[in-house]
Amino acid sequence: MSSQLAQLCLLLLHTGAHGFGILPGKSLSHLEITESAILNVSVQVCRALAQAEGTDFTFPSQPFTAEGVAVACNAPKSSKTFRQAITSVILQNVRVDLRHALNASFHFDEEMFVQGRKIITEGLQAVKASNKQENFEAAREKLGEILHPLQDFYSHSNWVELGNKVPNSDLIRSDTSVGNVADVSRATCRNCDGDDCRNNILEDVIAGGILTSGYFGIVPLVSTKPQGKCSHGGAVDQTSAIEPKGGINKDSFDASHGHLHTDAANMAIAATSQLLDDVRGAAGDRPFLQMMGISKGSGKALCFVIDTTKSMSDDIEAVRTVTSAIINTKVGTEDEPSFYILVPFSDPGIGPLIKTTDAQLFRDVVNSLSVTGGGDDEELSLSGLQMALSGAPANSEIFLFTDAPAKDKQLSGAVTALIERTQTVVNFMITDSTVTNRRLRRSDRTQARTMAASDAQVYVDLAQASGGLAIEVTKSELPAATSIITESSSSSLVTLLQAARSPGKADNFFFVVDETVTNPRVYITGRSYTFTLISPKGESQQSTDTSGSLITASQSVGNFQTLKLKKEVGQWEMRMVSTNPYTLKVIGQSPIDFLFDFVEASLGPFTGYDALDTRPPAGVNGSLMVTLTGVDSGTLTEAALVESTGSKETKGVLETQGRGKYLVRVEQIPSVEFVVRVKGQDGSATARVFQRQSPTNFQASNVTITADSNTVLVPGTPFSVPFSVMTNGIGGNYTIRATNNQRFDTASPTQLFLEPGNSTGGTVNLTAPLNTPSGTDVTLTIEAEAPGGADTNYVVLRISVLNTVTDFTQPECQLLGLESSCPKNCSLSTWALSARVTDGDEGVGVERVSLKQGNGTMNTSLAAGNGNVTLVSYRASCCSPDMELLAVDRVGNVGTCFYTRRESSPAALSSSTRVTQSLSLCLSMVGLVLHVTTGGNIQ
């Protein structure tokens, strides 16, 4: 890790390292270890980028927060996506304890050192490959999973007891020995002296530098261990009562080796930083920050799913116009989209998904779209939407353009599942071809309208489920309707109210505009409706009143109307009257928002909450984990589940978890569709009140479906995912559907017979083609539908594709020449060096060589006749005596080479030496000044 870790140590010292201090009676958990490392390494990366770009950098105030780090990184609008990325990594980390509590390999228990390292290194390869394909969601999930065993190594093994002061860097490398592991027959422990286990590891084990770890079991009379071996220890561990009694874990202060908890936790922090730095080196600084949700601009993705059949020429021209408008007006501003995504579809063509941060490249791609085919009325619109939902960041907003019904309506369940899981808003821009005006005789207009409504219903249902809009316009009206796209690409967009009534009825809706909200707007879809808008001061304006003062601008096109409101703080009321279906949405811009996941309590030996990959159970109690974003000192005062089709609400009980997180318990999850609404205070001196709502509509279910997959998918090799289904509702034959976004060959049962209260299992088998690139993200959705479609549930899994890797060696450098003749006045002269970088005879080849440290000029070129050798030349002022190269090969192995012209130093210092020196310095300087804000265990 060389100079980067040293910089991180200096950063920690500069800021007081307040993220990790230990308070009496408190213990550092996986959550704090992971979050602290991510925050600090992210600051380090942003600082390096600022230095490289010659801009100022200001350290965020202590303690570090996602909001403070985003501001320091000159990306303040990314605070929500940054917080979301951290939460994703942490949830996957914690999930290992909840789902793999008794799998020793995931915890380095029972001397499973080789097996544990395989989990880390294989997962690390998948993280790097996913980043290379810009599949950052998959990268974060796998990152969280491998950080858990990495951190457990320092608490569950005797690495700290052996006197080591730096992390074991061999845990993230496959080409070295993990250490001198105790033989299976070698005794490693003696009985503890009562409750004192300080000296229970045998002296010869310590003297020989032999690695061991404790055995763990929770079943009385069954749990066992080999003679003379150490136990994990603690009340849950049944092996700790077997001689040698006691344990060696350092999970908390009151653990068997709790006196070493601080050392183990500090070591885990440094090891987490080391692994993150390796991921950073393979990806590059900007992609690393993108993986962590930090990017300049709005933090939002501009995502189009476009029908490219012949009748769509006018629509595509409208897309080109709005794309150019957004790029021309927003590039370089805080409203610039962080990603641009395009998925074209027709029949049978789908994709490819194009995802880029390059605005001009995206403009060129959209401009190059051509239309073809379209002989029938229906197109594969839901297949295109499924691909976009799988590839876009969570909480995105997608715009789908089509003039045709969906040919693949059978995917509506899988699409709904992805909408709920990603909480993505989908807007349908439906123009008048085969959806709103089927090809029928002009005389049969009644039948045409009936069929059009039926064709459009799947789009209407999906729009309402996501909190989006189904806008029906003529092709000539489409350019006017696309104004919503420009507005939705604005930064910090929040939802104040989202409601739908189908069938239509008169109803009153309330929403709060607080001091932080700017540019409040109302979107209405429907036909033949009227409304009355009432301000907080009691002033009212009718829909027929064009001269009122509450609505500053209004536009109607097709079935869509948008209203711009006068900014007035307080509770507003909208009284809608219509017998036709309609939707009402109120949005604005504000830094304050919230994130949430439905969670369930662990049923295993460790306490904790696991995020659901499915719908929550209906009619019973449930829990949510809610995170407040965009404000450091704000608090939540209320969280409720509000029925989507009415006003009934179920309020939850809030339990503060610290760091803006709240566990919300509700007595009963509604059995009908609902949204999540929160209220709170912004932390100002006047405690100003705010209200936010999820745009996504959720459904609970009486069906429970579970599945899990933690390995990677190897192209050409069959991959099996076992699953189980249970119902508390009606029994009978349940329809099973298994689909994936890559359209890989999939085989699964189409029906399972369920008896209420009993679980039935099945298996999904899928195979990736041999030419599938590493890093491809496969989103597998398994649905179970009750007889007659009365109930349905799903489970969504992300699976990473990884081709077999045989190259585990880092690129190496060879110094060819160093010219240095620097006078006392360093500004009068320069020094230079030349070097060659190779990946070895068996390597896959060097992909990138960059300057990691140094203020000089570097040039690279391929050696003549040998494409596996990169030649480097470097020249710098004598006032900048140090430089460091970073070399990455094609599978993500990272090597660094440090050179200096200082007369008293060797010309080059090996990377491994620098890692050891940097880590030793870091740990010795950080010492015991670390600070913990919440308690927990390293389980």
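Going by the structure above, here's the rest.
Residues numbered from 1 in each chain as written. Predicted model: local features only at pLDDT ≥ 70, side-chain atom pairs only at ≥ 80, totals over all residues. Heavy atoms only, no water.

1. A short note on the state of the cysteines
(1) Moving on: One pass over the full model with this rule turns up six disulfides.
(2) Moving on: Paired by a disulfide, Cys189 and Cys230 hold their sulfur atoms 1.9 Å apart. Taking the torsion about the sulfur-sulfur bond, which here is approximately 90°, the covalent link between Cys189 and Cys230 counts as right-handed. Residue Cys189 is located in the loop between α6 (136-156) and α7 (203-207), and its partner Cys230 is located in the loop between α7 and α8 (261-283); the two are separated by 41 residues in the primary sequence. For the pair Cys189 and Cys230, a shared accessibility class is recorded, and that class is buried.
(3) Moving on: In this model Cys192 forms its disulfide with Cys197; the gap between the sulfur atoms is 1.9 Å. As the torsion about the S-S bond is roughly 110°, the Cys192-Cys197 disulfide counts as right-handed.
(4) Moving on: A residue is classified by how much of its surface remains accessible, and Cys197, at 5% relative accessible area, is buried. (Disulfide = S-S within 2.5 Å. Helix = DSSP H or I, 4+ residues; strand = E, 2+ residues; numbered from the N terminus. Buried < 20%, exposed > 50% of the residue type's maximum accessible area, 1.4 Å probe, protein only.)

2. Some words on the pattern of salt bridges
(1) Moving on: Summed over all chains, the structure comprises 41 salt bridges.
(2) Moving on: Asp507 is the salt-bridge partner of Arg501, the closest N and O atoms lying 2.9 Å from each other.
(3) Moving on: With relative accessibility at 4%, the residue Arg501 sits in the buried group.
(4) Moving on: Counted as one network, the salt bridges with shared partners bring together Arg95, Arg99, Asp610, Asp613 and Asp708. (Salt bridge = Lys/Arg side-chain N within 4 Å of Asp/Glu carboxyl O.)

3. Describing helix α12 (residues 381-391)
(1) Moving on: Of all eleven residues in α12, eleven are buried; the element is thus mostly enclosed.
(2) Moving on: Within the sequence span of α12, burial applies to Ser381, Leu382, Ser383, Gly384, Leu385, Gln386, Met387, Ala388, Leu389, Ser390 and Gly391.

4. Overview of the sheet that holds strand β6 (residues 470-473)
(1) Moving on: The strand order across the open sheet formed by six strands is β3-β2-β1-β4-β5-β6, and the pairing between neighbours is mixed. The two strands at the open ends of the sheet, each matched to only one other strand, are β3 (354-356) and β6. Strand-to-strand twist of the sheet, defined as the mean angle between neighbouring strand axes without regard to direction, takes the value 15°.
(2) Moving on: When strand β1 (residues 301-307) meets strand β4 (residues 397-402), the two strands line up parallel, connected through five bridges. Across the sheet, residue Phe304 finds its bridge partner in β4, namely Phe399. (Pairing = 2+ DSSP bridges. Axes fitted to C-alpha atoms, helices over the stretch in contact; angles between N-to-C directions.)

5. Let's talk about empty space enclosed by the protein
(1) Moving on: Scanning all chains against the criterion turns up eight cavities of 30 Å³ or more.
(2) Moving on: Estimates place the volume of the largest cavity at around 840 Å³.
(3) Moving on: Considering the residues around the largest cavity, the lining is formed by 39 residues, among which Ser88, Gln92, Glu137, Glu141 and Asp613 are closest to the centre.
(4) Moving on: Those elements that place two or more of their residues in the lining of the largest cavity are α4 (79-99), α6, α13 (412-422), β16 (593-601), β17 (609-611) and β32 (792-800).
(5) Moving on: Within the lining of the largest cavity, the residues separate by chemical class into 13 nonpolar, 13 polar and 13 charged. (1 Å grid on protein atoms, 1.4 Å probe; cavity = no way out; pocket = protein on both sides within 12 Å on 5 of 7 lines; lining within 4 Å. Points joined across faces, edges and corners; volume = space filled by probe spheres on them. Nonpolar A, V, L, I, M, F, W, Y, C, P; charged D, E, K, R; others polar.)

6. Some remarks on the nonpolar core
(1) Moving on: One finds Phe82, Leu275, Phe288, Met291, Met292, Leu385 and Phe428 to be the most contacted residues of the largest nonpolar core, which totals 92 residues.
(2) Moving on: For this core, the element with the highest residue contribution is helix α2 (residues 30-53), accounting for ten residues.
(3) Moving on: Leaving out residues up to four positions away in the same chain, Leu275 has contacts with Ile120, Leu124, Leu143, Ile146, Leu147, Leu150 and Ile172.
(4) Moving on: Formed by 32 residues, the second largest nonpolar core is a distinct cluster that contains Leu302, Ile327, Leu369 and Leu478. (Core = buried A, V, L, I, M, F, W, Y, C linked by side-chain atoms within 4.5 Å. Contact = heavy atoms within 4.5 Å.)

7. As for the side chain of Thr356
(1) Moving on: Considering the arrangement of structural elements, one finds Thr356 in strand β3.
(2) Moving on: Those residues within four positions of Thr356 in sequence are excluded, and the remaining contacts are Glu134, Phe339, Tyr340, Leu361 and Phe362.

8. Some remarks on the environment of Tyr794
(1) Moving on: Structurally, Tyr794 can be placed in strand β32.
(2) Moving on: Taking relative accessible area as the criterion, Tyr794 reaches 2% and is therefore assigned buried.
(3) Moving on: For Tyr794 and Glu783, which are eleven residues apart along the polypeptide, the C-alpha to C-alpha distance reads 4.2 Å.
(4) Moving on: The contacts of Tyr794, once residues within four sequence positions are left out, are Ala417, Glu420, Arg421, Asp613, Thr614, Arg615, Ile705, Thr781, Ile782 and Glu783.
(5) Moving on: For Tyr794, the side chain forms a polar contact with the side chain of Arg421, separated by 3.2 Å. (Polar contact = N/O pair within 3.5 Å; in protein donor to acceptor, adjacent residues only side chain to side chain.)

9. Comments concerning the packing of aromatic side chains
(1) Moving on: Overall, the coordinates contain 21 aromatic pairs when judged by the stated rule.
(2) Moving on: With 5.6 Å between their ring centres and 55° between their planes, Tyr523 and Phe560 make a pair best called tilted. Here Tyr523 is found in strand β9 (residues 518-526), whereas its partner Phe560 is found in strand β13 (residues 560-565), with 37 residues between them in sequence.
(3) Moving on: Residue Tyr523 is classed as buried on the basis of its relative accessible area of 2%.
(4) Moving on: Judged by relative accessible area, Phe560 falls into the buried class, the value being 2%.
(5) Moving on: A centroid spacing of 5.5 Å and a plane angle of 75° characterise the contact between Phe596 and Phe698, whose relative ring orientation is edge-to-face. Taken together, the residues Phe596 in strand β16 and Phe698 in the loop between β24 (689-693) and β25 (703-707) connect sequence positions 102 residues apart. Comparing Phe596 with Phe698 shows no difference in burial state: the two are buried. (Phe/Tyr/Trp six-rings, centres within 6.5 Å; stacked < 30°, edge-to-face > 60°.)

10. What about the pairing of β9?
(1) Moving on: Counting buried residues along β9, seven of its nine residues qualify, which places the element largely inside the surrounding structure.
(2) Moving on: Of the strand pairs in this sheet, β9 and strand β15 (residues 582-589) are connected by seven bridges, and their pairing is antiparallel. Bridging across to β15, Val522 finds its partner in Val586.
(3) Moving on: Sheet topology note: the β9/β13 ladder contains five bridges and is antiparallel. Considered in β13, the bridge of Tyr523 is made with Thr562.

11. Describing the side chain of Thr272
(1) Moving on: Relative to the assigned elements, Thr272 resides in helix α8.
(2) Moving on: Residue class for Thr272 comes out buried when judged on its relative accessible area of 0%.
(3) Moving on: Excluding residues that lie within four positions of it along the chain, Thr272 makes contacts with Ile33, Ala37, Leu147, Leu150 and Gln151.

12. A closer look at the packing of helix α5 (residues 113-132) against α8
(1) Moving on: Between α5 and α8, the least distance of the axes is 9 Å, while the angle of their chain directions is 35°. Considering how the two elements wind past one another, α5 and α8 form a crossing that is right-handed. Across the interface between the two elements, Ile120, Leu124, Val127, Lys128 and Asn131 of α5 pack against Leu275, Asp278, Val279, Ala282 and Ala283 of α8. (Left-handed = near helix turned anticlockwise from the far one by under 90°.)

Function cannot be inferred from these measures alone, as they are strictly geometric.
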